[in-house]
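So the chains spell out like this:
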Amino acid sequence: MSANETIRIKYHSDQIEKLRYIDGKSDWIDLRVAEEVSMKKGDFRLIDMGISVQLPKGYEMLLVARSSTFKNFGLIQTNAMGVIDETYCGDDDHIKMPVYATRDIDIHVNDRLCQFRIMEHQPAIHFDEVESLGNAARGGFGSTGVS
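Anyway, here's the lowdown on the structure attached to this text.

How each quantity is defined
- Residues numbered from 1 in each chain as written.
- Predicted model: local features only at pLDDT ≥ 70, side-chain atom pairs only at ≥ 80, totals over all residues.
- Heavy atoms only, no water.
- Salt bridge = Lys/Arg side-chain N within 4 Å of Asp/Glu carboxyl O.
- Helix = DSSP H or I, 4+ residues; strand = E, 2+ residues; numbered from the N terminus.
- Patch = residues over 30% accessible without salt bridge, like charges linked within 9 Å, V, L, I, M, F, W, Y side chains within 5 Å.
- Areas by Shrake-Rupley, 256 points an atom, 1.4 Å probe, with all protein chains shown as cover.
- Buried < 20%, exposed > 50% of the residue type's maximum accessible area, 1.4 Å probe, protein only.
- Polar contact = N/O pair within 3.5 Å; in protein donor to acceptor, adjacent residues only side chain to side chain.
- Contact = heavy atoms within 4.5 Å.
- Phe/Tyr/Trp six-rings, centres within 6.5 Å; stacked < 30°, edge-to-face > 60°.
- Lys NZ or Arg CZ within 6 Å of the ring centre and 35° of its normal.
- Pairing = 2+ DSSP bridges.
- Axes fitted to C-alpha atoms, helices over the stretch in contact; angles between N-to-C directions.

Let us now look at the pattern of salt bridges. On inspection of all chains with the given rule, the structure shows six salt bridges. Where Glu17 meets Arg32, a salt bridge forms, and the shortest distance between an N and an O atom there is 3.3 Å. Here Glu17 is found in the loop between strand 1 (8-11) and strand 2 (29-32), whereas its partner Arg32 is found in strand 2, with 15 residues between them in sequence.

See below:
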């Protein structure tokens, strides 16, 4: 994406702050809750972020919880990371965050729960099946850093 390319955005609420970079801190962009939400421990919910977007062709949006979301709200994003491709671009294709509540919580309009970044799609790849990769093993998954 060139520096001058535009992502089209439709706001579904006039109560949420407009999207913006936080200069000098990150190239991820925070999303804000667009509705008042009360959840009880054990509840699941899709929380509306109040926007729909049209991404440039060949790009996708990666949606993840902010680092403070669990500490501040006791929420876990249930799919670990959301992937939104450029075909999810209709006026009613709201960006939502799927969450599970680990405690009773009230969430308010403009609370920042998640963040996103735009990435190019993975390039087309070819799988070359082999009998051996020809490299030494490192000890298996989860073996690094073990004393």
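Okay, a nonpolar patch on the surface next. Taken together, Phe70, Ile76 and Tyr100 make up a surface patch of nonpolar side chains, about 290 Å² in accessible area. Among the residues examined, Tyr100 registers a relative accessible area of 37% and is labelled partly exposed.

This brings us to the environment of Ser26. Mapped onto the elements, Ser26 comes out in the loop between strand 1 and strand 2. In this structure Ser26 comes out as partly exposed when scored by relative accessible area, which is 35%. Separated by 91 residues in the primary sequence, Ser26 and Arg117 place their C-alpha atoms 10.0 Å from one another. Among the polar contacts listed, one links the side chain of Ser26 to the backbone nitrogen of Trp28, at a separation of 3.0 Å.

Right, let's get into the side chain of Gln115. For Gln115, the position within the fold is in strand 11 (residues 112-120). Setting aside chain neighbours within four positions, we find Gln115 in contact with Trp28, Ile29, Asp30, Leu31, Leu62, Leu63, Val64, Ala65, Arg66 and Ser67.

Applying the stated criterion to the full structure yields zero aromatic pairs. Directly above the ring of Tyr11 sits Lys18, whose terminal nitrogen or CZ lies 4.0 Å from the centroid.

The three strands lie next to each other as 4-9-7, forming an open sheet whose pairing is antiparallel. Here the strands that pair on one side only, and so sit at the sheet edges, are strand 4 (44-48) and strand 7 (75-77). On average, each strand axis in the sheet is tilted by 40 degrees relative to the strand beside it, whichever way the strands run. Judged from the five bridges that link them, strand 4 and strand 9 (residues 96-101) form a sheet pairing that is antiparallel. Bridged to Asp48 within strand 9 is Lys96.

Read these as layout, nothing more, since geometry by itself doesn't imply function.
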